[in-house]
Amino acid sequence: MNHPSTWLMAAAFGTLLAVQPAFAADELKLATSRNCMTCHTVERRVVGPSYKSVAQKYRNDPTAVDKLTPLIRSGGSGSFGAVPMPASPQVTDAEARRLAVWILGL
């Protein structure tokens, strides 16, 4: 850790770890305020799949954020069973993208 770049990288990583829980809390609050948590939870299936199941399904898909973002707003069906996901017009495009990034990061 004597080299300045090593120290800077360690400091940046430490900052990232400190910010991550705040980010997750903000995104969970957003999901709750937009009624997403009525049908989903992070850990287990309710009406829809758990967010961790969604993250697992798309873990190797580099286009997953672009696929999920419009589905969050428009709804969809068939990806996780027969129960359709209703549209969420109260979610903005920017919020849908934030939620997709958060879900996929779980």
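Criteria and thresholds
Residues numbered from 1 in each chain as written. Predicted model: local features only at pLDDT ≥ 70, side-chain atom pairs only at ≥ 80, totals over all residues. Heavy atoms only, no water. Patch = residues over 30% accessible without salt bridge, like charges linked within 9 Å, V, L, I, M, F, W, Y side chains within 5 Å. Areas by Shrake-Rupley, 256 points an atom, 1.4 Å probe, with all protein chains shown as cover. Salt bridge = Lys/Arg side-chain N within 4 Å of Asp/Glu carboxyl O. Helix = DSSP H or I, 4+ residues; strand = E, 2+ residues; numbered from the N terminus. Buried < 20%, exposed > 50% of the residue type's maximum accessible area, 1.4 Å probe, protein only. Phe/Tyr/Trp six-rings, centres within 6.5 Å; stacked < 30°, edge-to-face > 60°. Lys NZ or Arg CZ within 6 Å of the ring centre and 35° of its normal. Core = buried A, V, L, I, M, F, W, Y, C linked by side-chain atoms within 4.5 Å. Contact = heavy atoms within 4.5 Å.

Taken together, the side chains of Val46, Val47 and Val83 make up a nonpolar region of the molecular surface, amounting to roughly 220 Å² of accessible area. As for its placement among the helices and strands, valine 46 is situated in the loop between helix 1 (4-33) and helix 2 (51-57). With relative accessibility at 37%, the residue valine 46 sits in the partly exposed group.

Throughout the structure, instances matching the rule amount to one aromatic pair. Geometrically, the ring pair formed by tyrosine 51 and tryptophan 102 is edge-to-face, given 5.5 Å between the ring centres and 70° between the ring planes. Of this pair, tyrosine 51 sits in helix 2 while tryptophan 102 sits in helix 4 (residues 93-104), and the two are 51 residues apart along the sequence. Of the two residues examined, tyrosine 51 and tryptophan 102, each falls in the buried class. Over the aromatic face of phenylalanine 80 sits the side chain of lysine 57, whose NZ or CZ is 4.6 Å from the ring centroid.

Counting residues in hydrophobic clusters, the biggest one holds 16 residues, and the most contacted among them are Ala31, Tyr51, Ile72, Leu99 and Trp102. Of all elements in the fold, only helix 1, helix 2, helix 3 (64-74) and helix 4 reach the threshold of two or more residues within this core. Among the elements that take part in this core, helix 4 stands out by supplying five residues, more than any other. Setting aside chain neighbours within four positions, we find tyrosine 51 in contact with Ala31, Cys36, Met37, His40, Thr41, Val42, Trp102, Ile103 and Leu106.

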